[in-house]
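# An overview of the molecular structure
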Amino acid sequence: MVATDTLPRPQCQPMSVDFNEQELSQRLQSPATREAAFAQIVDLYKERVYFLVRRMVIDHSQTDDLVQDIFIRVWQGLDKFRGESQIFTWIYRIATNECLTYLAKRKRWLSLFGRSHEWLESLEAQKELRADQIQLALQKALLRLPEKQRIVFLMRYYDEMPYEQMSEILSTSVGALKASYHFAVKKIEEELAKFAAQL
Amino acid sequence: MKLSDINRREPFIAPSDYFSGLTAQSILERYRKRKRRAYIRLSIAASVAAATLGIWLYSLPSKELAVQPPAAEPVLLPLDDALEYIAESDMPHSELIEIISEIPSEVWLQELQDHNLLPDAEDLL
């Protein structure tokens, strides 16, 4: 299967150098230019939102549903967006909230039917996971983290997002985020050590 | 084993044509379809609630208000007529409930369309 190969890059800043945050923000406020401005933010952020969600929910089709729902929320919330935070920060906040809500529902549903193990199994079934054994072990270790801690780890580790920006998105203090990341790394390294011992 | 021992890279890849198909237009189309469906659900729920209210009103013990039932007629009536029929009829409850449950959803949708509440109901039928 040919696939879009998005290599890691610092993802916390807009990709295009021509991007003018203030101008785009103004265009989002005006009904005449709103739809075109919305199209621009979809183009700018769809990949980053996709990969944030995909790392959280694993499955592509569920990710696709969530990504579309997130941009629908963005569209619905344009009236309330006052440009007090960066557009990117605002979208990421919506995305993380949607992910956490989805994961909480899914967790309840899976535990209700005694199928909590399914998630780990679904990870191995992902055709698009670039799975050498160590990467798979890392992803399994990630799935064992509490959701909020996992999202902190994903933003910091994969997106290289500054703590200050994460703080704004997650409404959590920088100190708490640093502690959360530290504990996440510790737990992951313990899991990886177990994996290495089995080799 | 340390995290730094692992080559950091994006763990997932998206299907090749995925991002080209994900556009503002496709997202807004989904949003509008969803709004339309929500409107249909609401309209049907309102219709059913109105019919239920009609049955309940009919069941009130007010014989003085009861009128002679019309002769047996085909039951697929427009909603307004159906409600009037229910209000005026002394048909047993069980029979009324049976009649309502037999009305297919297409008829409700057609009703909405006929009343210009849902101009593009056809593609949902």
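So, here's what we can say about the structure. (Residues numbered from 1 in each chain as written. Chains lettered and ligands numbered in written order. Predicted model: local features only at pLDDT ≥ 70, side-chain atom pairs only at ≥ 80, totals over all residues. Heavy atoms only, no water.)

### Some remarks on the overall build of chain B
Helix and strand content of chain B: five helices and one strand. The order of helices and strands in chain B, counted from the N terminus, is β-α-α-α-α-α. Counting all 125 residues of chain B, 30% fall into the buried class. A sequence separation of at least 24 residues applies to 65% of the contacts in chain B between residues at least 6 apart. For chain B, the accessible surface area stands at approximately 8200 Å², while carbon and sulfur atoms represent 57% of it. (Helix = DSSP H or I, 4+ residues; strand = E, 2+ residues; numbered from the N terminus. Buried < 20%, exposed > 50% of the residue type's maximum accessible area, 1.4 Å probe, protein only. Contact = heavy atoms within 4.5 Å. Areas by Shrake-Rupley, 256 points an atom, 1.4 Å probe, with all protein chains shown as cover.)

### Digging into helix H8 (residues 163–170) of chain A
All names here are of chain A. Along H8, six of the eight residues are buried, which leaves the element largely enclosed by surrounding structure. Among all positions in H8, only Tyr163, Gln165, Met166, Ser167, Ile169 and Leu170 are buried. Just downstream of H8, Ser171 is the residue with a positive phi angle, here 50°.

### A closer look at the packing of helix H6 (residues 133–143) of chain A against helix H9 (residues 174–198) of chain A
All names here are of chain A. One can describe the packing of H6 onto H9 by two numbers: an axis separation of 9 Å at closest approach and a directional angle of 135°. Taken together, the axes of H6 and H9 lie oblique to each other. The chirality of how H6 crosses H9 is right-handed. Facing H6, whose interface residues are Gln133, Ile134, Ala137, Leu138, Ala141 and Leu142, H9 presents Ile188, Glu191, Leu192 and Phe195. Looking at the contact of H6 with H9, its residues break down into eight nonpolar, one polar and one charged. (Axes fitted to C-alpha atoms, helices over the stretch in contact; angles between N-to-C directions. Parallel < 35°, antiparallel > 145°, perpendicular 65-115°, else oblique. Left-handed = near helix turned anticlockwise from the far one by under 90°. Nonpolar A, V, L, I, M, F, W, Y, C, P; charged D, E, K, R; others polar.)

### Describing the packing of aromatic side chains
All chains considered together, the criterion is met by 12 aromatic pairs over all chains. Centroid distance Tyr45 of chain A to Phe88 of chain A: 5.8 Å. Interplanar angle 40°. Geometry classified as tilted. With Tyr45 of chain A in helix H2 (residues 34–57) and Phe88 of chain A in helix H4 (residues 87–112), this pair connects stretches of sequence that are 43 residues apart. Phe88 of chain A carries the same exposure label as Tyr45 of chain A, and that label is buried. Note on Phe153 of chain A and Tyr157 of chain A: the rings are 4.9 Å apart at their centroids and 20° apart in plane angle, and the pair reads as stacked. Placement of both Phe153 of chain A and Tyr157 of chain A in helix H7 (residues 147–157) is noted, with a separation of four residues, approximately one turn of the helix. Through pairs of rings, three or more aromatic residues link up here, namely Tyr50 and Phe51 of chain A together with Tyr18 and Phe19 of chain B. The aromatic ring of Tyr163 of chain A is capped on one face by Arg156 of chain A, whose charged end is 4.2 Å from the ring centroid. The ring of Tyr157 of chain A carries Arg8 of chain B above its face, with NZ or CZ at 5.5 Å from the centroid. (Phe/Tyr/Trp six-rings, centres within 6.5 Å; stacked < 30°, edge-to-face > 60°. Lys NZ or Arg CZ within 6 Å of the ring centre and 35° of its normal.)

### Brief notes about a nonpolar patch on the surface
All names here are of chain B. Residues Leu53, Trp56 and Leu57 make up a contiguous nonpolar surface patch of roughly 330 Å² in combined accessible area. Within the secondary structure layout, Leu53 lies in helix H2 (residues 24–59). Classification of Leu53 as partly exposed rests on a relative accessible area of 47%. (Patch = residues over 30% accessible without salt bridge, like charges linked within 9 Å, V, L, I, M, F, W, Y side chains within 5 Å. Salt bridge = Lys/Arg side-chain N within 4 Å of Asp/Glu carboxyl O.)

### Some details on the pattern of salt bridges
Residue and element names in this part refer to chain A. Per the stated rule, a full pass over the model turns up 13 salt bridges over all chains. Where Asp43 meets Lys46, a salt bridge forms, and the shortest distance between an N and an O atom there is 3.5 Å. Of the two residues, Asp43 and Lys46 are both situated in helix H2; the distance of three residues between them amounts to about one turn of the helix. Between Arg73 and Glu98 there is a salt bridge whose closest N-O contact spans 2.6 Å. One end of the pair, Arg73, is in helix H3 (residues 60–76); the other, Glu98, is in helix H4, with 25 residues separating them in the sequence. Judged by relative accessible area, Arg73 falls into the partly exposed class, the value being 46%.

### Here's the deal with the nonpolar core
Judged by nonpolar contacts, the single largest core of 67 residues is most densely connected at Phe38, Ile41, Tyr45, Val49, Phe153 and Ile188 of chain A. The dominant element in this core, judged by the number of residues it contributes, is H2 of chain A, at 13 residues. When near neighbours in sequence (up to four residues on either side) are disregarded, Ile188 of chain A contacts Leu138, Ala141, Leu142, Leu145 and Phe153 of chain A together with Leu3 of chain B. (Core = buried A, V, L, I, M, F, W, Y, C linked by side-chain atoms within 4.5 Å.)

### Examining the interface of chain A and chain B
Across the contact, 48 residues belong to chain A and 26 residues belong to chain B. Both faces considered, chain A and chain B share a buried interface measuring about 3900 Å² in area, 64% of it formed by carbon and sulfur atoms. Put simply, chain A and chain B have seven salt bridges between them. Residues Asp65 of chain A and Arg30 of chain B are paired through a salt bridge, measuring 3.4 Å at the closest nitrogen-oxygen approach. (Buried area = accessible area lost by both parts, 1.4 Å probe.)

### Focus: unusual backbone geometry
All names here are of chain A. Phi angles above zero are rare outside glycine, and Ile58 is one such case at about 75°. Secondary-structure assignment places Ile58 in the loop between H2 and H3. With a relative accessible area of 1%, Ile58 lands in the buried category. With phi around 50°, Glu160 is a residue other than glycine that occupies positive phi space. Along the chain, the position of Glu160 falls in the loop between H7 and H8.

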